[in-house]
Amino acid sequence: MDERDKRRVGEQVEPGGRPKAPGRLELLQRFINSHNHDFPREWDRIGTPERAQAWLGQKRLVAPGDRISEADVARLRELREAIRALALANHGGQPEAEATDVVRRASGTARLRVGIDDAGRTALEPEPRGVDAAVATLLGILHEAQLTGDWPRLKGCRQCGYAFFDRSKNRSAAWCAMSICGNRTKNRAYYRRRTSAR
Ligand SMILES: [Zn+2]
């Protein structure tokens, strides 16, 4: 993969050509994948107030006039890593207590109400505005995905932490892409076996 493609991973490009998560869960998936730890830190799509504002604005998570501070960036990144940890726990087992604590704290300021349209369809709507609303929307998606049963299929890659949607029948996928992380993991295991055999 060349640099141009790498920079598109998580937005236009999915490792291994996997389909994205269904419905609104795709937005949460993109949020987790706004940074990939294998890539340079300055590629983080929400790594600075300007970048976060552009990314969240493009996703309509914040309104055009909403300001984003360094502190907002810090809590968004903290929330992202906590949700990534929850996705990693979808391989089985309990998420780290630190991750659930971060989500618990984030939900303290993230308010949602039940909205209804003229056709009678309800939806969770964030309030009031700004980063709190963005956090509320993302946590609302996390909750909805747990209700629909899609959440357990959103997994963090065991190698790189990338959030991928596991459509396999037996929900056994472990890596974002076998050709990238699967082989890396296998090579490492092979190397360990060889070096420990000496
Ligand atoms: Zn991976």
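Model, not experiment: these values are computed from the prediction.

**Quick word on helix H3 (residues 49-58)**
Among all positions of H3, only Pro49, Ala52, Gln53, Trp55 and Leu56 are buried. Of the surrounding secondary structure, the elements contacted by the buried residues of H3 are helix H2 (25-32) and helix H4 (70-88). In the segment just after H3, Arg60 is the residue with positive phi, at about 60°.

**Observations regarding unusual backbone geometry**
Positioned with a positive phi, Arg60 is a non-glycine residue whose angle comes to about 60°. You can see Arg60 is positioned in the loop between H3 and H4. A residue is classified by how much of its surface remains accessible, and Arg60, at 77% relative accessible area, is exposed. Of note, the phi angle at Arg171 is positive, near 50°, even though the residue is not glycine. Structurally, Arg171 is set in the loop between strand E4 (163-165) and helix H7 (178-197). Given the relative accessible area of 40%, Arg171 is considered partly exposed.

**A closer look at the pairing of strand E2 (residues 122-127)**
If a strand is regular, its side chains alternate between the two faces of the sheet. Sheet analysis places strand E1 (residues 111-116) next to E2, joined by six bridges and oriented antiparallel. Each bridged residue has a counterpart across the sheet, and for Leu112 the counterpart in E2 is Pro126. The turn joining E1 and E2, which pair antiparallel and follow one another in sequence, is formed by five residues; a positive phi near 90° is taken by Gly120.

**Section: helix H5 (residues 97-107)**
In an α-helix, one full turn covers 3.6 residues, which means residues spaced three or four apart are oriented alike. Looking only at H5, the buried set comprises Ala99, Val102, Val103 and Ala106. One side of H5 carries all its buried residues, which in axial view fall inside an arc of 95°. Facing away from the buried surface of H5 by more than 90 degrees, the exposed residues are Ala97, Arg104 and Arg105. Those residues of H5 hidden inside the fold are in contact with H4 and helix H6 (130-148).

**Observations concerning the coordination of the zinc ion**
Protein ligation of the zinc ion involves Cys157 (SG), Cys160 (SG), Cys176 (SG) and Cys181 (SG), the donor distances falling in the range 2.3 Å. Around the zinc ion sit four donor atoms; with metal-centred angles ranging over 105 to 116°, the donor geometry is tetrahedral. For the zinc ion, the single-chain donor residues occur in sequence as C-x2-C-x15-C-x4-C. A residue pair is termed long-range when its members are at least 10 positions apart, and Cys160 in the loop between strand E3 (154-156) and E4 and Cys176 in the loop between E4 and H7 qualify at 16 residues. Judged by its relative accessible area of 9%, Cys160 falls in the buried class.

**Section: the environment of Ile141**
Following the sequence through the fold, Ile141 ends up in helix H6. For the pair Ile141 and Glu70, spaced 71 residues apart in the sequence, the C-alpha separation amounts to 25 Å. Those residues in contact with Ile141 that sit more than four places away from it in its chain are Arg24, Leu25, Leu27 and Leu28.

**A word on the nonpolar core**
Most often, soluble globular proteins keep nonpolar side chains buried together rather than apart. Within the largest apolar cluster, 39 residues are counted, with the highest numbers of intra-cluster contacts made by Leu25, Leu28, Phe31 and Trp151. When contributions to this core are tallied by element, the ones reaching two or more residues are H2, H3, H4, H5, H6 and E4. In terms of residues, this core owes the most to one element, H6, which gives nine residues. Non-local contacts of Trp151, meaning those with residues more than four positions away in its chain, are made with Leu25, Leu28, Ile83, Leu86, Ala87, Asn90, Leu142, Ala145 and Gln146. Formed by twelve residues, the second largest nonpolar core is a distinct cluster that contains Phe39, Tyr162, Phe164 and Ala177.

Each value, and the rule that gives it
Residues numbered from 1 in each chain as written. Predicted model: local features only at pLDDT ≥ 70, side-chain atom pairs only at ≥ 80, totals over all residues. Heavy atoms only, no water. Buried < 20%, exposed > 50% of the residue type's maximum accessible area, 1.4 Å probe, protein only. Helix = DSSP H or I, 4+ residues; strand = E, 2+ residues; numbered from the N terminus. Contact = heavy atoms within 4.5 Å. Pairing = 2+ DSSP bridges. Arc of directions from axis to C-beta. Donors = N, O, S within 2.8 Å, 3.2 Å for Na, K, Ca; no water. Tetrahedral: all angles 85-135°; square planar, octahedral: opposite > 155°, others 65-115°. Core = buried A, V, L, I, M, F, W, Y, C linked by side-chain atoms within 4.5 Å.

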